[in-house]
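Residue-level structural notes
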Amino acid sequence: MPLLGPSPVQSPRFRAFGPKQIHAIAKRFPLSAEQVKTVELISQVLPFRVNEYALSELVDWESVPDDPMFRMVFPQRGMLAPEDERLLETASSTGDRQAVAAAVKEIRGRLNPHPSGQLELNVPRLDGSPVPGLQHKYRETVLYFPSQGQTCHSYCTYCFRWAQFVGDADLRFAAPGPEPLIRYLGEHPEVHDVLVTGGDPMIMGSDRLSNHLEPLLAVDSVRTIRIGTKSLAYWPYRFVSDKDADDALRLFERVTASGRTLAVMAHFTHPRELGTEVVAKALSRIRATGAVVYCQAPLIGRINDDAQTWNSLWQAELAQGTVPYYMFVERDTGPYDYFKVPLAKAAEVFRTAYRALPGLARTVRGPVMSATSGKVLVDGVEESAGARYFQLRMLQARDPALVGRPFRAHYSPTAAWVDELEPVPDTPADIAAAVWGGTHRQLLAEGSQP
């Protein structure tokens, strides 16, 4: 399938800005002295990185500090707990680097850097040893973290993988090369889906990306290759006019020509990210290679926690020929308390946005929690005998026997994660054990089904 012709879009030079450049950013854009101070403080714990495209095309500077894109890329007061802010400020005021480093490590340890059992339960083994840079949570899918792809064009303040970006090797998933992955796949033919993720694999040059993807084409059991990326939102020039944009798309063509499905898992959080000429061109060129673009994002408080934003987002995705796929619930990590949305509100936002969609956009599923047990869908709220319940369902699970199984939990107006819910007494024991583990044992012993 031939690539589209030369793009009329002129590519700017990619340049990233971090905490050390915050004063230079403030000279060009209306950042207050307090906002500069906030970035300098909070970015010692949470990663900060932004680029020219995000600054010039995505942030509405007339609406700062309430602009959702501003909140997505600039750390804010309140993203750390008040006591942690005080600890960090006190340590920073001393000028003692060791004191600051100790405070930062202590605070990060409280932010649940690897939620849902990623380190304890997801890391597979070869010859009795952990395989670096791999996660295997679901039977048919392996996640692969190439070491050169563990950064992004810009960082989202809510990112559940923030621990990948803070420079701590103990917190980071990274594979130096594909050889252990290929060996592991050879021993696990049940795996037919490899998700290349990060970070962002599309931060890599096309030659390096090819070195990680091409070996997968020699593994017959792998039928789907997925690339998780935020680049379409934060740097769409990667697919249009960067110097190796055509090389990347030719690589995509080789994958699809091999008979595999290539799925670009695009992370669009707000409809503004779909509103530029260059992102439309990028999506068109990707689709011309035979790849399919699926779109997913979390529901984030203070950024996209209303039905109109989600309806506009899904409509824009459909108009660009992509597939609306998932609305996730913000994971319990990082600045979770700042961004979390109660499940009751999440269910209402989804229902209200969904019912106004055309049929072809109703491919989207949500709200979904990527919990330790698997993907738990909040199907809605029901009333029975004067009581209210959440209707839940396992969309995916560590234990394949649980997939598709419905169950219920008592309604809570404030719960924002499955651990905060109480299962009903007739919850099947295998689901209760998977979802809630050792908690609620007394309740389940009294009323659960065998």
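Now for a look at the structure at hand. Just so we're clear, the structure is a prediction, and the values are computed from it rather than from any experiment.

Calculation criteria
- Residues numbered from 1 in each chain as written.
- Predicted model: local features only at pLDDT ≥ 70, side-chain atom pairs only at ≥ 80, totals over all residues.
- Heavy atoms only, no water.
- 1 Å grid on protein atoms, 1.4 Å probe; cavity = no way out; pocket = protein on both sides within 12 Å on 5 of 7 lines; lining within 4 Å.
- Points joined across faces, edges and corners; volume = space filled by probe spheres on them.
- Nonpolar A, V, L, I, M, F, W, Y, C, P; charged D, E, K, R; others polar.
- Pairing = 2+ DSSP bridges.
- Helix = DSSP H or I, 4+ residues; strand = E, 2+ residues; numbered from the N terminus.
- Axes fitted to C-alpha atoms, helices over the stretch in contact; angles between N-to-C directions.
- Buried < 20%, exposed > 50% of the residue type's maximum accessible area, 1.4 Å probe, protein only.
- Polar contact = N/O pair within 3.5 Å; in protein donor to acceptor, adjacent residues only side chain to side chain.
- Contact = heavy atoms within 4.5 Å.
- Right-handed = clockwise from strand over helix to strand, strands pointing away.
- Salt bridge = Lys/Arg side-chain N within 4 Å of Asp/Glu carboxyl O.
- Disulfide = S-S within 2.5 Å.
- Lys, Arg positive; Asp, Glu negative; His and termini not counted.
- Phe/Tyr/Trp six-rings, centres within 6.5 Å; stacked < 30°, edge-to-face > 60°.
- Lys NZ or Arg CZ within 6 Å of the ring centre and 35° of its normal.

All right, on to empty space enclosed by the protein then. If you walk through the whole model with that rule in mind, you get two cavities of 30 Å³ or more. Lining the largest cavity are P113, H114, Q118, F145, F160, R161, A163, Q164, L171 and F173. Among the residues making up the lining of the largest cavity, the classes are represented as six nonpolar, three polar and one charged. Its boundaries defined by the atoms lining it, the second largest cavity holds a volume of some 40 Å³. In terms of lining residues, the second largest cavity is bounded by L46, P47, C156, T157, C159, W162 and P335.

For the rest of this paragraph, the subject is the sheet that holds strand 12 (residues 365-370). What the eleven strands build is an open sheet, ordered 5-6-7-8-9-10-11-12-13-14-15; its pairing is mixed. What marks the edges here is a single partner per strand, and that holds for strand 5 (134-138) and strand 15 (406-410). Strand after strand, the sheet turns through a mean of 30 degrees between neighbouring axes, direction not considered. Looking at chain direction, strand 10 (residues 292-299) and strand 11 (residues 323-329) are connected through six bridges and run parallel. Looking at strand 11, one finds that P298 is bridged to F328.

Note that S206 resides in helix 8 (residues 206-213). The class of S206 is buried, set by a relative accessible area of 4%. For S206, the side chain forms a polar contact with the side chain of R238, separated by 3.1 Å. In this view, S206 contacts R238, D244, D247, A248 and L251; residues no more than four positions away in its chain are not counted.

Moving on to the pairing of strand 7 (residues 193-196). Side chains on a regular strand alternate between the two faces of the sheet. The alternating pattern of strand 7 places D193 and L195 and V194 and V196 on opposite faces, both of which are buried. Here strand 6 (residues 141-144) runs beside strand 7; their pairing, made up of four bridges, is parallel. By the bridge assignment, Y144 is partnered in strand 7 with V196. Read as a crossover between parallel neighbours, the route from strand 6 over helix 7 (residues 179-187) to strand 7 is right-handed. In this sheet, strand 8 (residues 224-229) lies alongside strand 7 in parallel orientation, the contact comprising four bridges. Note on strand 8: the bridge partner recorded for V196 is I227. A crossover connection joins strand 7 to the parallel strand 8 through helix 8; in handedness this β-α-β unit is right-handed.

Within this structure, the stated rule accounts for 22 salt bridges. The residue R71 makes a salt bridge to D66 at a minimum N-O spacing of 3.1 Å. The class for R71 is buried, based on a relative accessible area of 15%. The partner of K340 in a salt bridge is D337, and the shortest N-O contact between them spans 3.4 Å.

Time to look at the state of the cysteines. Two cysteines whose sulfur atoms are joined by a covalent bond form what is called a disulfide. Taken as a whole and assessed by the stated rule, the structure comprises zero disulfides. Of all cysteine sulfurs, the one in C159 lies closest to C152, which takes part in no disulfide; the gap is 6.3 Å. With no disulfide of its own, C159 has C156 as its nearest cysteine by sulfur position, at a separation of 6.2 Å.

With omega at 15 degrees, the peptide bond leading from V64 into P65 counts as cis. Position of P65 relative to the elements: it lies in the loop between helix 3 (52-58) and helix 4 (68-73). Between G366 and the following residue, P367, the backbone shows a cis peptide bond with an omega angle of -15 degrees. Here P367 lies in strand 12.

What follows covers helix 2 (residues 33-42). Buried residues of helix 2: Q35, V36, T38, V39, L41 and I42, and no others. Elements in contact with the buried residues of helix 2: helix 1 (22-28), helix 4 and helix 5 (82-94).

Before going further, it helps to spend a moment on the environment of T229. Locating T229 in the fold gives a position in strand 8. On the basis of relative accessibility, which here comes to 4%, the residue T229 falls in the buried class. Once the C-alpha coordinates of T229 and P201 are considered, the two residues, 28 residues apart in sequence, prove to be 6.7 Å apart. The contacts of T229, once residues within four sequence positions are left out, are D200, M202, V264, M265, A266 and H267. Within the local environment of T229, its side chain forms a polar contact with the side chain of S231, the two groups lying 2.5 Å apart.

Turning our eyes to something else, we now look at the side chain of E317. Here E317 lies in helix 12 (residues 307-319). We note that E317 is buried and unpaired, the nearest opposite charge coming from K230 at a distance of 9.0 Å. Excluding residues within four positions of it along the chain, E317 makes contact with F268, L274, C295, T322 and P324.

Glancing now at the packing of aromatic side chains. Using the criterion set out here, one finds 21 aromatic pairs in the structure. On the numbers, 6.1 Å between centres and 85 degrees between planes, the contact of Y158 with F339 is edge-to-face. A residue pair is termed long-range when its members are at least 10 positions apart, and Y158 in the loop between strand 6 and helix 7 and F339 in helix 13 (residues 336-339) qualify at 181 residues. Each ring, one from F350 and one from Y354, has its centre 5.2 Å from the other, and the planes form 20 degrees; the classification is stacked. Taken together, the residues span about one helical turn, with F350 and Y354 both in helix 14 (residues 343-354) at a distance of four residues. On the basis of relative accessibility, which here comes to 11%, the residue F350 falls in the buried class. Joined through ring pairs, the aromatic side chains of F29, F48, W61, F70 and F74 make up one cluster. Here K230 stacks its cationic end above the ring of Y234, 5.0 Å away from the centre of that ring.

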